[in-house]
Amino acid sequence: MQNKMTQKPERLRKKISPSAKSLMESSLDKDVCEEAMCPNISECFSQNEAAFFICGTICTRYCSFCAVQKGVPLALDPDEPANIAASVKELGLGHAVITSPTRDDLVDGGAEQFCKTVRAVKSIDSSIVVELLIPDMHENPHAIEMIAKSGVEIVGHNLETVPRLYGVRKGSEYRRSLHVLKMLRTFNPSLSTKSGIMLGLGEKDKEVISLFRDLRSVGCSYLSIGQYLPPSKKHASLVEYVRPERFEYLREIGLKMGFKYIKSSPYTRSSYMVHELEKLP
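If you're wondering where the values come from, they're calculated on a predicted model, not measured in any experiment. (Residues numbered from 1 in each chain as written. Predicted model: local features only at pLDDT ≥ 70, side-chain atom pairs only at ≥ 80, totals over all residues. Heavy atoms only, no water.)

**Let's talk about the nonpolar core**
The criterion, for reference: The definition of a nonpolar core used throughout is a set of buried Ala, Val, Leu, Ile, Met, Phe, Trp, Tyr and Cys residues joined through side-chain atoms within 4.5 Å. Exposed residues in this analysis have more than 50% of their type's maximum accessible area, buried residues have under 20%, and partly exposed residues fall in between, with area computed by a 1.4 Å probe over protein chains only. Working rule for contacts: check all heavy atoms of both residues, and any pair within 4.5 Å makes them a contact.
Grouped together as the largest cluster of nonpolar side chains are 67 residues, with contacts concentrated most on Leu-132, Ile-134, Ile-147, Leu-184, Phe-212 and Leu-215. Look past the residues within four positions of Leu-132 in its chain and what remains in contact with it is Ile-98, Phe-114, Val-118, Ile-147, Ser-150, Val-152, Ile-154, Val-155 and Gly-156.

If you want it as C-alpha cells, here you go:
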C-alpha cells in the first residue's frame with residue numbers, strides 16, 4: 001500500500017551535520033543509524049552515542065514499516081564482536097547500543113553473537129554502558145537467558161505498535177514480544193528492560209494506554225515513543241503526523257503508570273538520547 005501523505009511538517013525536517021558524517025565515515029562498522037535512515041544521527045553522535053548492527057544487515061522478516069534490507073542473510077562474521085568493540089573505543093562512546101536484524105535462519109536468533117559483542121565491548125572498558133535491542137528470537141528460552149545474563153545493563157525489544165495494527169510486523173506476534181520482555185526479567189530480575197512504539201499508523205489513545213499496561217505487567221521500565229515516517233512510498237501508509245502535544249500527553253500517562261523513563265517526541269527512536277538513562281536513580 002502506498003503512502004498518501006506527502007507533505008511533511010517543517011518540524012519533522014532534520015539535516016545531518018558535517019561532523020556527524022565524518023564520525024560515521026571513520027567508524028569501522030556499519031551502524032544502524034545509517035542503515036535505518038535515522039534522522040537523529042547528528043544529535044546522538046554529539047552526545048557520544050551510536051547504535052551498531054551485528055549479525056549482518058539483512059533481515060529475514062518483511063515488516064512493511066522498516067528501511068532495513070530484506071532477504072537471505074550471510075554467515076556471521078567471527079571478527080564482528082571485536083570490530084564493534086574497536087569502533088566503540090575509536091568513537092569514544094560512553095553508551096553503546098547494539099542491535100541486529102531478525103535472523104530467523106539462526107537457531108539462537110543471534111544470541112551468542114550478541115553476548116560475544118557485549119563481552120568484547122566490556123573488555124575494552126567495563127564502564128561503558130551497553131544496551132541491546134534484540135529481535136524476538138522466537139521466544140527461545142536458552143537464547144533469551146544468554147542475553148539476560150550477558151553482562152548488559154539494558155535490553156530492549158520493541159512492540160512497535162498496538163495489536164490491531166500488527167499487520168505491519170510480518171512474522172511477529174504481539175504476545176510473543178511481550179513474553180520476551182517477561183522472560184528477560186525472569187532470568188535476570190536486576191536487568192532493565194525497554195520497549196518502543198511508533199505513532200501515526202492509526203492507533204487510538206486507548207489502544208496505546210492498553211499497550212502501556214501490558215508493558216508494565218511484564219516489568220518494562222523504559223519506553224520510547226516516536227513518529228512513524230515511511231522510508232518510501234512502498235512502505236506502510238502513514239495515517240497522520242502526530243502533534244507534539246499528543247506525545248507529551250501519552251508520556252505523562254505512562255509515567256503515572258509506573259514507567260521510570262519515557263522519551264516521547266516525533267523524532268524519538270529506540271536509541272535516541274540514551275545517555276539520559278544514566279542519570280536515573
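Text resumes after the structure shown.
**Describing the packing of helix H4 (residues 80-91) against helix H5 (residues 111-124)**
Applicable threshold: Axes here refer to lines fitted to C-alpha atoms; in helices the fit is confined to the stretch in contact. Angles between the N-to-C directions go from 0 to 180 degrees. Only DSSP runs of H or I reaching four residues or more are called helices, and only runs of E reaching two or more are called strands; each is numbered from the N terminus. An angle below 35 degrees is read as roughly parallel, one above 145 as roughly antiparallel, one from 65 to 115 as roughly perpendicular, and any other as oblique. Should the near helix be turned counterclockwise from the far one by less than a right angle, the crossing is left-handed, whereas a clockwise turn marks it as right-handed. Three classes are used, and their members are as follows: Ala, Val, Leu, Ile, Met, Phe, Trp, Tyr, Cys and Pro are nonpolar, Asp, Glu, Lys and Arg are charged, and the others, Gly among them, are polar.
The interhelical angle for the contact between H4 and H5, taken along N-to-C directions, is 40°, at an axis separation of 8 Å. Classified by the interaxial angle, the pair formed by H4 and H5 is oblique. Between H4 and H5 lies a crossing of right-handed hand. Contacts between H4 and H5 pair Glu-80, Pro-81, Ala-82, Ile-84, Ala-85, Val-88 and Lys-89 from the former with Gln-113, Lys-116, Thr-117, Ala-120, Val-121 and Ile-124 from the latter. A class-by-class count of the residues in the contact of H4 with H5 yields eight nonpolar, two polar and three charged.

**Some words on the pattern of salt bridges**
Quick reminder of the rule: When a carboxyl oxygen of Asp or Glu lies within 4 Å of a side-chain nitrogen of Lys or Arg, that pair is called a salt bridge.
What the rule picks out here adds up to 17 salt bridges. Between Glu-207 and Arg-164 there is a salt bridge; the shortest N-O distance is 2.6 Å. Here Glu-207, found in helix H8 (residues 205-217), pairs with Arg-164, found in the loop between strand S6 (154-156) and helix H7 (174-187); they are 43 residues apart in sequence, far enough to count as distant. Residues Glu-173 and Arg-176 are paired through a salt bridge, measuring 3.2 Å at the closest nitrogen-oxygen approach. For Glu-173, a relative accessible area of 37% puts it in the partly exposed group. When its relative accessible area of 8% is taken as the criterion, Arg-176 is described as buried.

**With respect to the packing of helix H6 (residues 141-148) against H7**
Between H6 and H7, whose axes approach to 9 Å, the crossing angle comes to 55°. As judged from the angle between their axes, H6 and H7 are oblique. Seen from above, H6 lies across H7 with right-handed handedness. The segment H6 lies against H7, with Pro-141, Ile-144, Glu-145, Ile-147 and Ala-148 engaging Val-180, Met-183, Leu-184 and Phe-187. Split by residue class, the contact of H6 with H7 holds eight nonpolar, no polar and one charged.

**Quick notes on the pairing of strand S8 (residues 222-227)**
In plain terms, the rule: Two strands are counted as paired when DSSP detects at least two bridges linking them. The handedness of a crossover follows from its direction of travel: if, with the strands pointing away from the viewer, the path from the first strand over the helix to the second runs clockwise, the crossover is right-handed.
In terms of burial, S8 is a largely internal element, six of the six residues being buried. Judged from the six bridges that link them, strand S7 (residues 192-199) and S8 form a sheet pairing that is parallel. The residue bridging Ser-195 from the neighbouring strand is Leu-223, located in S8. Viewed along the sheet, the connection from S7 through H8 into S8 turns out right-handed. By the bridge criterion, four bridges tie S8 to strand S9 (residues 261-264) in an arrangement that is parallel. Within S9, the position partnered with Tyr-222 by the bridge is Tyr-261. On the question of chirality, the crossover connecting S8 to the parallel S9 by way of helix H9 (residues 244-256) is right-handed.

What is shown is where atoms sit, not what they do.
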